[in-house]
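Chains, contacts and geometry: an overview
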Amino acid sequence: MKTLSIAKKIIFRSLRDVNTMLIMCAMPLVLIFVLGLAFDTQIGTDTRIDLDEMHITYSVVGEPGQISEGIEGMMDELLTEGSTYVEAEDKEEQIEKLRTTEITAYVEIDENTSTIVYYKNNKVNTSSSILETALRSFAARYNTIYEIAKVNPMALQGIVSDDVSGNYIEEIGLDEKYQPSAMDYYGVVMAALFVLYGFMTPLDEEITDKSAGMTARIATTAIKPTELFTGKVLGYVTVSSIRTGIVILISRIAYGVNWGDKPIYPLLVILALIVIMTSLGMLLGEFFKSVGAAAAASHMFIAVTAFFGGAYMALEDLGPIAEVGKYFSVIWWVNSSITAQIYSNDYSNMIKTFIIFGSLSILFFGISVLIMRRRRVNIYG
Amino acid sequence: MSNIVEIKNLEKSFKNVTAVDGISLNIKEKEIFGLLGPNGAGKSTTINILCGLLRMDKGDVKCFGKELNKKLREIKKDIGVVPQNIAVYEDLKARENVEFFASLYGLKGKELKEKSMEALEFVGLTEKSEEMPKNFSGGMKRRLNIACAIAHKPKLIIMDEPTVGIDPQSRNHILESVKKLNSMGSTIIYTTHYMEEVEAICTRIGIIDHGKLIASGTYEELQNLVSDRKTIVIESDIGIDANEAEMKKIKGITKIFSDENVISIETNKESDCIGDITAFCRENDIPIRSINMGNISLETVFLSLTGRSLRD
């Protein structure tokens, strides 16, 4: 009950702040519309997959056998004219070629241990993700056939002959109509960017509550520290979710932004972002004493995160700083995991995002609790 | 009546500053205990320890017979705190503010709504219950500040300078409310540096200075501490600070306290120096508007015990 009171108070106050609500909902929608229209051709060209341009090298450890032959067959079907799939000797040389984008991917096949190691070039992320998905599909099929062969070798004949074409990847990944438009791209990154701005709500409220004596007053009541903390997290996460939910819903209905066939996954990524930004806002709220200083630092943080996350323009070929910097941007993690999930059914980035965001949220919340324990006696009460 | 608060040898320091220096006092059930002292005397630190905002360095504090260090949360349920600054949410309605704080003491449902409205009625804000405090006057905000602390019907109400910066009408309303709360059964600890408030409402008074409790008792008991003295209050048309040192040389005067055009002169009870004082004023062209033989005020008591004014 006390937890809900704290959450309810935060939600009521935030939703009544009409100006902030308008800015947090209308601004991303305006930006999605403007940037989506302005960069429509550019984003479309950059992100569409041109399979003709894929150049893949591979090496085989041990005697070439079922795996290497199977993959070669798959490549024959997958790659169209102009693409290459050639054997290479020197692994180091191939990795260097990957760095310089001379090749799209490098596949290391070990026939002795039945393993496939896939090295991809992140600069051509979508193409290499499709290849990765195809290889995963191949590996799954190979394992299935292997297991069946152990039990009933005769059954294999039917399976193999029935599916000669090898449907390695879902068609969704190759169909041009499913490629992200600029509107789709900005729909995702703007929603993420304004979740970032949303972290200023807990930051601002924590600081003003401290300076206005509200924190102390609440600490004199009979509320448990765990109830207080849980209520705050629940309240701030709900507020940010409502705002972001409105943006996502309108962007879907009004602009047709593609949130995928399974929108639960993109929404979970956005929720993970909301949680990590809430934890950061609450943590910084414990450190800062003035709203002005906190706002200045926050704007700088958001600007840098937005730039490296590609919130204003997609970061392609902007050099090594952008290449490294993007990993420090929560927007990039959100965008790459949602895009990979929607357009190539690839969940690997999403899992990494959940792990990173989850770990950092726990860390930030943990530090906040430690600071609260040191500051307020009632934590021990 | 039994003790509701027992403080023994309480100590609290902040780095090198000793804020509370061995205070011991008992507060009895159903009394209004005034904690009087100048700014920085240690009143708020004592109060903050009592309501669980600060940890004591040394000492023993018991509330309702329970040890503060061990049963803090249990004790908090029966305490209402009216903080010195107005701690209400400007963008929540008056009713919502009271309901919010009352809910943190465990009230819910119908009981929460009823008791919140009772608290608003008590402070005279029923008609304003659906309005935002940002549109309230300073006095109304102070009253709402009190309502937020009393809705859960606490046994002990701690009021930390609840009348700072408000108009006389609102002040009177608050002082009446304090007396009414007390008559309804609540024990009240009231800190202030306004001695007239303490004189008006408190059944017992503790005087704190430099972190020490220098005296405590009823108003009469405190007056008796300085019964060997009397006070002469002179009101003039001009400021008389410049003549203070010279005037102090008159035989029989023990202390002088001047505040703009008013000067309070403390003399020995036996000494009859009124003639010398009026002569001094005549000689120094100090026009006397009025002259009164004052009762011994708390100000005089404080001055006598500490050698300085409450407002120093």
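Data block above holds the structure.
Right, let's walk through the structure included here. On a predicted model such as this, the values are computed, not experimentally measured, just so you know. (Residues numbered from 1 in each chain as written. Chains lettered and ligands numbered in written order. Predicted model: local features only at pLDDT ≥ 70, side-chain atom pairs only at ≥ 80, totals over all residues. Heavy atoms only, no water.)

For the rest of this paragraph, the subject is the interface of chain B and chain A. Each partner contributes residues to the interface: chain B has 32 residues there, and chain A has 26 residues. With both sides pooled, the region where chain B packs onto chain A buries about 2,700 Å², and carbon together with sulfur makes up 63% of that total. At the junction of chain B and chain A, the tally comes to 2 salt bridges. For Glu96(B), the salt bridge goes to Arg16(A), with nearest N and O atoms at 2.7 Å. Across the contact surface, chain B and chain A share 11 residue pairs in polar contact (both at pLDDT 80 or more). Contributing elements (two or more residues each) for the side of chain B that touches chain A: α2 (72-76), α3 (94-103) and α5 (138-150) of chain B. Examining the composition of the side of chain B that touches chain A, we find that 4 residues originate from one element, α3(B), more than from any other. (Contact = heavy atoms within 4.5 Å. Buried area = accessible area lost by both parts, 1.4 Å probe. Salt bridge = Lys/Arg side-chain N within 4 Å of Asp/Glu carboxyl O. Polar contact = N/O pair within 3.5 Å; in protein donor to acceptor, adjacent residues only side chain to side chain. Helix = DSSP H or I, 4+ residues; strand = E, 2+ residues; numbered from the N terminus.)

Taken as a whole and assessed by the stated rule, the structure comprises 28 salt bridges over all chains. Here Lys9(A) ties to Asp209(A) by a salt bridge, and the two come within 3.8 Å at their closest N and O atoms. Taken together, the positions of Lys9(A) in helix α1 (residues 2-16) and Asp209(A) in helix α9 (residues 200-211) put the pair 200 residues apart, joining distant regions of the chain. In this structure, Glu118(B) and Lys153(B) form a salt bridge, with 2.9 Å as the shortest nitrogen-oxygen distance. Of this pair, Glu118(B) sits in helix α4 (residues 109-122) while Lys153(B) sits in the loop between α5 and β7 (156-160), and the two are 35 residues apart along the sequence. Because the salt bridges share partners, they merge into one network encompassing Lys9(A), Arg13(A), Glu205(A), Asp209(A) and Asp91(B).

Along the chain, the position of Val369(A) falls in helix α16 (residues 348-375). By relative accessible area, Val369(A) is classed as partly exposed at 31%. (Buried < 20%, exposed > 50% of the residue type's maximum accessible area, 1.4 Å probe, protein only.)

Moving on: the sheet that holds strand β4 (residues 58-63) of chain B. All names here are of chain B. Taken together, 4 strands build an open sheet; the order of strands is β2-β1-β4-β5 and the sheet is antiparallel. The open sheet terminates on both sides in strands that have one partner only, identified here as β2 (17-28) and β5 (66-67). Bridge count for strand β1 (residues 3-14) against β4 is 5 bridges, and the pairing is antiparallel. Counterpart to glutamate 11 in the pairing with β4 is lysine 58. (Pairing = 2+ DSSP bridges.)

Now for the packing of helix α8 (residues 182-198) of chain A against helix α15 (residues 330-344) of chain A. Residue and element names in this part refer to chain A. Where α8 meets α15, the closest approach of the two axes is 10 Å, and the angle between their N-to-C directions is 145°. Handedness of the crossing formed by α8 with α15: right-handed. Contacts from Asp184, Tyr185, Val188, Val189, Ala192, Leu193 and Leu196 of α8 reach α15 at Val330, Ile331, Val334, Asn335, Ile338 and Tyr343. Looking at the contact of α8 with α15 residue by residue, the classes come out as 11 nonpolar, 1 polar and 1 charged. (Axes fitted to C-alpha atoms, helices over the stretch in contact; angles between N-to-C directions. Left-handed = near helix turned anticlockwise from the far one by under 90°. Nonpolar A, V, L, I, M, F, W, Y, C, P; charged D, E, K, R; others polar.)

Looking now at the side chain of Ser279(A). Here Ser279(A) is to be found in helix α12 (residues 264-287). Sequence-distant contacts of Ser279(A), that is, excluding residues within four places in its chain, are made with Leu360(A), Ser361(A), Phe364(A), Phe365(A) and Ser368(A).

This paragraph deals with a nonpolar patch on the surface. All names here are of chain A. A contiguous nonpolar patch, built from Val30, Phe33, Val34 and Leu37 and spanning about 360 Å² of accessible area, is present on the exposed surface. Following the sequence through the fold, phenylalanine 33 ends up in helix α2 (residues 18-38). Among the residues examined, phenylalanine 33 registers a relative accessible area of 40% and is labelled partly exposed. (Patch = residues over 30% accessible without salt bridge, like charges linked within 9 Å, V, L, I, M, F, W, Y side chains within 5 Å. Areas by Shrake-Rupley, 256 points an atom, 1.4 Å probe, with all protein chains shown as cover.)

Turning to the packing of α2(A) against α8(A), a few remarks are in order. Axes are the key here: two packed helices are described by the angle between their axes and the distance separating the axes. Residues and elements named next belong to chain A. Two numbers describe how α2 lies on α8: the axes approach to 9 Å, and their chain directions differ by 150°. When the interaxial angle is binned, α2 and α8 end up roughly antiparallel. Here the hand of the crossing between α2 and α8 comes out right-handed. Residues Ile23, Met24, Met27, Pro28, Leu31, Ile32, Phe33, Leu35, Gly36 and Leu37 of α2 form the contact with α8, whose participating residues are Ala182, Met183, Tyr186, Gly187, Met190, Phe194, Tyr197 and Gly198. Residue composition of the contact of α2 with α8, grouped by class: 15 nonpolar, 3 polar and no charged. (Parallel < 35°, antiparallel > 145°, perpendicular 65-115°, else oblique.)

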